[in-house]
Amino acid sequence: QLSSTYPNLLNMDYLITEHSPLRSSWAEGGQHITQSLYGFQQVMNLFLYDQRVKYTHFWVTTSPWGNRETFDGDAEAFNPLNDWEITPQGMPILLFNEFILDNLIQPVVNGLTGVYATSSSDGEQLTLLILNKDDQAVDVNLTINNYTGSTDNTQWVYSGNGHEYDKNPVLRKFESVTVNY
């Protein structure tokens, strides 16, 4: 109905405001690996499922609520008491800024595991993002058709200690990941 009255409605770009992966239960708080991984998937889905989504606003980067003397921000992306370090809630923002390229490729999701990919406009760069929301390691075999890039690549791993409410997950860089083709 709206599209017949407002024909340009379907051509508009969208700005999604105040998205956050917080669940309805605050029992374990929001600053842990599970919320972080759900936040990553949520943002990926915002951009993947409607190409008109161009911008998002994370709720909140830093909160006016809570105690500034002791950081208790369940929804904040940055910790103001520790040199504004990135919190688990903020990690999806960092991952997007560092690793998402020009083109998003339709993901393959199977249960708690998903493979997301982005490529540069010139086709020279490819980023694979493998999301595992299980508390156990999962083997993933990938086939990348027509890949002619380097056989020596870099791997980054964002992980916790295996507990679903780990409040101190880390992003680590591993050198020299070999690709066989």
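Above this text sits the structure in question.
A few points on the structure. Just so we're clear, the structure is a prediction, and the values are computed from it rather than from any experiment. Sequence positions are assigned chain by chain, starting from 1 and proceeding in written order. pLDDT decides what is reported in this predicted model: residues at 70 or higher carry local features, side-chain atom pairs at 80 or more are listed and counted, and totals for whole chains, interfaces and linings draw on all residues regardless. Hydrogens are left out, water is left out, and the side-chain values use all remaining heavy atoms of the structure.

1. Re helix α3 (residues 91-99)
Phase 1 of the analysis: Think of it in three bands: with a 1.4 Å probe and only protein chains considered, a residue is buried below 20% of the maximum accessible area for its type, exposed above 50%, and partly exposed in between. Put simply, DSSP marks the helices as runs of H or I at least four residues long and the strands as runs of E at least two long, and each gets a number from the N terminus on. Every buried residue of α3 is accounted for by M91, P92, L95, F96 and F99. Buried positions in α3, seen along its axis, are confined to an arc of 140° and lie on one side of it. The exposed residues of α3 that point more than 90 degrees off its buried face are N97 and E98. It is the directions from the helix axis to the C-beta atoms whose arc is reported.

2. Examining the nonpolar core
Phase 1 of the analysis: As used in this record, nonpolar core signifies buried Ala, Val, Leu, Ile, Met, Phe, Trp, Tyr and Cys residues forming a set joined through side-chain atoms within 4.5 Å. Counting residues in each nonpolar core, the largest one holds 16 residues, and the members touching the most others are F40, M44, F96 and Y116.
Phase 2 of the analysis: Contributing elements (two or more residues each) for this core: α2 (33-48), α3 and β7 (126-132).
Phase 3 of the analysis: Of all the elements, α2 adds the most residues to this core, at seven residues.
Phase 4 of the analysis: The contact definition used throughout considers only heavy atoms, calling two residues in contact when any of these lie within 4.5 Å. Not counting the four nearest positions on each side in its chain, Y116 is found in contact with F40, Q41, M44, N45, L48, P107, V109, T127, L128, L129 and L131.

3. Points about a nonpolar patch on the surface
Phase 1 of the analysis: Taken together, the side chains of I105, L126, L128, I130, V138, V140, L142 and I144 make up a nonpolar region of the molecular surface, amounting to roughly 570 Å² of accessible area.
Phase 2 of the analysis: For the nonpolar patch, the element with the highest residue contribution is β7, accounting for three residues.
Phase 3 of the analysis: Secondary-structure assignment places L126 in strand β7.
Phase 4 of the analysis: Using a relative accessible area of 36% as the deciding quantity, one classes L126 as partly exposed. A patch consists of residues whose relative accessible area exceeds 30% and which take part in no salt bridge; residues with like charges are grouped when within 9 Å of each other, and nonpolar side chains (Val, Leu, Ile, Met, Phe, Trp, Tyr) when within 5 Å. Note on areas: these come from Shrake-Rupley sampling with a 1.4 Å probe, and a residue is covered only by the protein chains present in the view. Salt bridge, as applied in this entry: a Lys or Arg side-chain nitrogen positioned within 4 Å of an Asp or Glu carboxyl oxygen.

4. So, the environment of Q41
Phase 1 of the analysis: Considering the arrangement of structural elements, one finds Q41 in helix α2.
Phase 2 of the analysis: According to the relative accessible area criterion, Q41 is buried, its value standing at 14%.
Phase 3 of the analysis: Sequence-wise, Q41 and Y116 are 75 residues apart; in three dimensions their C-alpha atoms are separated by 9.4 Å.
Phase 4 of the analysis: The contacts of Q41, once residues within four sequence positions are left out, are Y116, L131 and K133.
Phase 5 of the analysis: A distance of 3.4 Å separates polar atoms of two side chains, one belonging to Q41 and the other to Y116. Two N or O atoms count as a polar contact when they lie within 3.5 Å, although within protein this holds only if one can serve as hydrogen donor and the other as acceptor, and sequence-adjacent residues are included solely when both atoms are side-chain atoms.

Keep in mind these values describe shape, not function.
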